[in-house]
Amino acid sequence: MRPHARAALALLLGLWATGARGDGWSAVIEEQYTRTETKVTDQGAEARTSSADVVLQRYRLGADKTIFPYLTLAGGGQFEDTQTWQGGFGSNDTTDSRLASIFGRLNVGGPTLNGRGSYDRRQEWSRTLTLHSPSLISETLAFDSSWRPLDLPLITFGASRQNSFDSDRVGQDQTNDVFLLTAAYKASKALRVAYSARYDDSEDRIHGAERTAVGQSGRITYDDRWFDRRTLVHLNYDVQSTFANTTVRDAGAEIPVAQVPLAGLSLVETFPTPETATLVPNPALVDGNTTAGAALNIGFSPRAKGDANAREMGVELPIVPATPVNTIRLWVNQPLPQLVVSAFRFSVYESDDNEHWTPVALIGPVVFGVFENRFELRIQETTARYVKVVTPPLDPAVTPDPKYADIFVTELQFFQTVAAESVRGRSSALLNSVSASARTVLLQSPNVAHDFSLQLARSDTRSPGRDVGETRLALANGLSLAHKLAQPLVLNARIARQDFFAKATHSGILNWSAGLGYTPFQTMSHSLNYSGSWRQGTTGSALTNSLSLFSRAELYRGVSVSGDGGYTLSFLEGGRLSSGVRTGAALGLRPHRTFQLSGGYRLSRTSTSGGGMPSSRSTQEQVEGGASYSPTEALYASASVTRIIRGARPTTLAGLGVGWSPLQGGDLTLNATYSRTLDTSADAVTQFISPSARWTIRPGTFLDLAYVISDSSAAAQESNARLLTANLTVTL
């Protein structure tokens, strides 16, 4: 964009915003300059230096208008122009990239009957020296409506068309049409009925592949309490049918089939390894929202503060029927350059119990979306119940740019990607599934309850030259006991049996457990638990017994201690014997409200022998400590050190962080952060210093300045980076 054109656009935005502020108009002008200098020195080689100057200009315009009480109109657009001058490493390049997007929204109706129409278009293009790249274009036209009549079914309808292509239509040219009709009705307090019909038409013009599919699904759900409310009953019937037709011109075309998970799971890994960690529920990972964060940060800010713990993100998938997956999409909250994408180290694991994990091989490189902010991982196909993706946070040595300090995971999606040639022609699938569960309180004191569940599914698929039918059945019965033996003493016990039938095979699991909880005071608690399981499968059986102890006490105000330990003995398939012992202790001290100390010790030891195979032993032992000090809101300091005494490799990890905000709450705010981390196993030291300032010129107009010093040194390489950024934002 030429200078006079930029000035005219800025003036036009200002006039529009000023003249129509009362109608809900807004405009934002953003001018940014960034200077980066990097020096990399490999062992035994000369230092390599590079630099980059980036000028970003961004203009945003938005408007919304209530034309009538039940008619609103909104629209807007954005234009970005980024010019980059790079030098060093024997090359000098100039790149000019631009992005333009527009959107429009029309809402009609009220709470009972309403409709919404929308249009979005995004176009990106770039030029390096004299080489012009084809423009990348994505546009979406959508409409949806809903009708909520009183005491009648809720009916919704939606239709959309998405086009993704490049201007030359040589690398990408895809169209996806979707029509969706749903109806939901609450017939009574206990009975609910739902129906949906969906039409999909996906066309890949580059590979000459097109797939049209018509799917219908119905659900009847019944929830009630029987026998004087002592029995809680849940009944569910699902039927799903799909008719598809696939045409293929190019044998290399592929089609991804979405697999819907039952639950999202995650964990910030500390002492457990990926092979033994147990993930906890995280519904935000599978809520369908690809823009809202799921409380998992894989940017470099955690590592800059000494947190290099791996982030584990997984799901639970249906096993009745089996759910094959070979493609994973991990969504994040922002676009990422190739430099950052290639720095992540992903690994994938599978499990049948969310306790014992085995690696799943990655197939090919991890790629990042052109139009969408997501990683795509291709893996060896698996039908496991649990699947997870593991990655540590970004290394600060990769880039000092503050925009990549926080990269939040927003969604995790799973697919089975198949060759279009394998599903050429007409195909159909029919799934009928019934589930039932009941929990009955047999006695009130002691509290004794019986629970039962059943899952029965029949799937039939037909495709050219192949008809497959499969029936799966899962049964579970359990008996639970909870009784207060005395005021501070509680007894819990459970025994449960699960059986699985599929393809003339039978497997089962018998679980049992008992525990005592002793809480003499509110500040003190102890527990002793025993559990066991007997697994029977097609390849043999396995018996596991575990004993664990936990104790916690707050000795004085600000002084707390805890300890735990456990022993596990397992007789595995093939005659192998496995045993493990773990123990740990933690101490927390808070002598003053501004000062806190913590420390801990962990030991885990496992051994496996027998079965005609070599014996193996592994030991993990670590001790850790930390301190934090925050006398005021403007100052904080923290330090942590972890010594891995025994493990894959003895290592010391240490981190120091300081934050200072001398001026707050005024027109001028100042901030400074400092962090330093140490990793003796890699012989690496990383240092991060970042002072910053914000000057609020007037409400909505401010100038941000930041300077970043990032230094890292390791045995094989040393890197030093300096970044200066200035950003002026004007809101009209």
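The residue count restarts for each chain, going from 1 along the sequence in the order it is written. Residue-level local features of this predicted model are given only where pLDDT is at least 70; pairs of side-chain atoms are given and counted only at 80 or more, and the full residue set underlies all totals for whole chains, interfaces and linings. Heavy atoms throughout the structure, all of them, feed into the side-chain values; hydrogens and water do not.

K.L.:
What am I meant to see in the sheet that holds strand β18 (residues 347–351) here?
P.N.:
Across a sheet, strands are paired by hydrogen bonds formed along the backbone, either parallel or antiparallel in direction. Strand order in the open sheet made by the six strands is β15-β14-β16-β22-β18-β19, with antiparallel pairing throughout. The open sheet is flanked by β15 (280–281) and β19 (358–360), the only strands paired with a single partner. Any two strands with at least two DSSP-identified bridges between them are counted as paired. Per the convention used, a helix needs a DSSP run of H or I reaching at least four residues, while a strand needs a run of E reaching at least two, with both numbered from the N terminus. When strand β16 (residues 311–316) meets strand β22 (residues 386–391), the two strands line up antiparallel, connected through six bridges. Counterpart to R311 in the pairing with β22 is T391.

K.L.:
What is the right way to look at the side chain of R58 in this model?
P.N.:
Examined against the element boundaries, R58 turns out to sit in strand β2 (residues 48–68). Only protein chains enter the area calculation, which uses a 1.4 Å probe; residues under 20% of their type maximum are buried, those over 50% are exposed, and those in between are partly exposed. Judged by its relative accessible area of 17%, R58 is buried. A distance of 2.8 Å separates a polar atom in the side chain of R58 from a polar atom in the side chain of E30. Setting aside residues up to four positions removed in sequence, R58 forms contacts with V28, I29, E30, Q78, F79 and E80. Under the rule applied, a polar contact is a pair of N or O atoms within 3.5 Å (in protein, one hydrogen donor and one hydrogen acceptor; residues adjacent in sequence only if both atoms are side-chain atoms). We call two residues in contact when some of their heavy atoms are within 4.5 Å.

K.L.:
I would appreciate a short explanation of the sheet that holds strand β17 (residues 325–332) in the present structure.
P.N.:
The strand order β13-β23-β17-β21-β20 describes an open sheet built from five strands, whose pairing is antiparallel. Each edge of the open sheet is held by one strand with a lone partner, namely β13 (254–259) and β20 (367–368). Across six bridges, the pairing between β17 and strand β21 (residues 374–382) is antiparallel. Following the sheet pairing, V325 is matched in β21 by T382.

K.L.:
What exactly am I supposed to notice about the pairing of strand β12 (residues 231–248) here?
P.N.:
Along any regular strand, the residues point their side chains to alternate faces of the sheet. Relative to β12, strand β11 (residues 209–226) runs antiparallel, the two being bridged by 18 bridges. Each bridged residue has a counterpart across the sheet, and for I220 the counterpart in β12 is Y237. Hairpin remark: β11 followed by β12, antiparallel, with four residues in the connecting loop; positive phi at F227, about 50°. Examined bridge by bridge, β12 and strand β24 (residues 425–443) share 16 bridges and lie antiparallel to one another. Bridge pairing in β24 places L232 opposite R439.

K.L.:
Can you walk me through the confidence of the model for the protein in this structure?
P.N.:
For residues with low pLDDT, the predicted coordinates do not support detailed interpretation. Mean pLDDT for the protein: 87, with 95% of residues reaching 70 or above. What pLDDT conveys is the predictor's confidence in a given residue, as a value from 0 to 100. Scored below 50 in pLDDT, residues 1–22 shows 24 contacts in the model against residues more than four places distant or in partner chains.

K.L.:
Explain the packing of aromatic side chains to me, please; I cannot follow it from the model alone.
P.N.:
How two aromatic rings sit relative to each other is set out by the distance from centre to centre and by the angle between their planes. Note on aromatic contacts: the rings of Phe and Tyr and the six-membered ring of Trp form a pair at centre separations within 6.5 Å, being stacked when their planes are under 30 degrees apart, edge-to-face when over 60 apart, and tilted otherwise. Tallied over the entire structure, the rule returns 10 aromatic pairs. Seen from their ring centres, Y222 and W226 are 6.5 Å apart, and the 50° between their planes marks the pair as tilted. For W226, a relative accessible area of 35% corresponds to the partly exposed category. Grouped by ring-pair contacts, the aromatic residues F344, F346, F368 and F375 constitute a single cluster.

K.L.:
Would you explain the pattern of salt bridges in this entry?
P.N.:
Opposite charge on two side chains lets them pair, provided their charged atoms get close. Basic side-chain nitrogens of Lys or Arg form a salt bridge, by our definition, when they fall within 4 Å of a carboxyl oxygen of Asp or Glu. This structure, assessed with the given rule, holds 35 salt bridges. Three or more residues are tied together by salt bridges with common partners; here these are E30, R58, R60 and E80.

K.L.:
Whenever I open this one, a positive patch on the surface confuses me. Can you help?
P.N.:
A grouping of K186, K189, R225 and R229 is seen on the molecular surface, where their side chains present a positively charged patch. Tracing the sequence through the fold places R229 in the loop between β11 and β12. Judged by relative accessible area, which is 59%, R229 ranks as exposed. The patches described consist of residues with a relative accessible area above 30% and no salt bridge, like charges being joined within 9 Å and nonpolar side chains (Val, Leu, Ile, Met, Phe, Trp, Tyr) within 5 Å. Accessible surface area values rest on a Shrake-Rupley calculation with a 1.4 Å probe, where residue burial reflects the displayed protein chains alone. In this tally, Asp and Glu contribute negative charge and Lys and Arg positive charge; neither His nor the terminal groups of the chain are included. Here the site of a charge means atom NZ of a Lys, CZ of an Arg, CG of an Asp or CD of a Glu.

K.L.:
It is not clear to me how the pairing of strand β1 (residues 26–42) should be interpreted in this structure. Could you clarify?
P.N.:
As defined by bridge partners, β1 adjoins β2 across 15 bridges and the pair is classed as antiparallel. Bridge pairing in β2 places S26 opposite G62. Where β1 hands over to β2, the hairpin turn is made up of five residues, of which G44 adopts a positive phi near 75°. Taken together, the 15 bridges between β1 and strand β40 (residues 717–731) define a ladder with antiparallel strand orientation.

K.L.:
I tried to follow the environment of P402 on my own but got confused; where do I start?
P.N.:
Structurally, the position occupied by P402 is in the loop between β22 and β23 (409–419). In the structure, P402 is positioned 324 residues away from A726 in sequence and 12 Å away in space, judged by C-alpha atoms. Ignoring any residue separated from it by four or fewer positions in sequence, one finds P402 in contact with F300, V708 and L723.

K.L.:
I would appreciate a short explanation of the environment of A721 in the present structure.
P.N.:
You can see A721 is positioned in strand β40. Its relative accessible area of 8% is what places A721 among the buried residues. For A721 and W85, which are 636 residues apart along the polypeptide, the C-alpha to C-alpha distance reads 17 Å.

K.L.:
Is there a simple way to think about the side chain of D564 in this case?
P.N.:
Here D564 is to be found in strand β31 (residues 559–571). Of the residues examined, D564 reaches a relative accessible area of 16% and is grouped as buried. Engagement of the side chain of D564 in a polar contact is seen with the side chain of R582, the distance being 3.0 Å. Discounting residues that sit within four places of it in the chain, D564 has contacts with L549, F550, R582, T583, G584 and R602.

K.L.:
Would you explain the nonpolar core in this entry?
P.N.:
For soluble globular proteins, nonpolar side chains are generally found buried alongside one another. Grouped together as the largest cluster of nonpolar side chains are 35 residues, with contacts concentrated most on I328, L336, F344, V348, F375, I407 and L412. Only β16, β17, α3 (338–341), β21, β22 and β23 provide two or more residues apiece to this core. What F375 contacts, discounting residues up to four positions off in sequence, is I298, I328, R329, L330, V332, L336, V341, F344, F346, V366, V367 and F368. To form a nonpolar core, buried Ala, Val, Leu, Ile, Met, Phe, Trp, Tyr and Cys residues must be joined to one another through side-chain atoms within 4.5 Å. Judged by nonpolar contacts, the second largest core, of nine residues, contains L267, Y349, Y386 and V390.

K.L.:
Got a minute to help me understand unusual backbone geometry in this structure?
P.N.:
A negative phi angle characterises most non-glycine residues, just as the trans form characterises most peptide bonds. P446 follows S445 through a cis peptide bond whose omega is 0°. Here P446 is to be found in the loop between β24 and β25 (447–463). Phi at D228 is positive, roughly 60°, even though this residue is not glycine. Even without being a glycine, A295 presents a positive backbone phi close to 65°. Structurally, A295 can be placed in the loop between β15 and α2 (301–304).

K.L.:
Explain a nonpolar patch on the surface to me, please; I cannot follow it from the model alone.
P.N.:
Side chains of L113, F143, W147, I155, F157, F179, L181, Y195, Y199, V214 and F243 sit close together on the surface and give an oily, nonpolar patch of about 980 Å² of accessible area. Listing elements by their share of the nonpolar patch, those giving two or more residues are β7 (136–147), β8 (154–166), β9 (173–186) and β10 (191–204). For W147, a relative accessible area of 40% translates into the label partly exposed.

K.L.:
What's the story with the environment of L232 in this structure? I'm lost.
P.N.:
With respect to the helices, strands and loops of the structure, L232 is situated in strand β12. A residue is classified by how much of its surface remains accessible, and L232, at 42% relative accessible area, is partly exposed. Separated by 12 residues in sequence, L232 and A244 place their C-alpha atoms 40 Å apart. Every residue in contact with L232, bar those within four places of it in the chain, is listed here: D224, R225, S437, A438 and R439.

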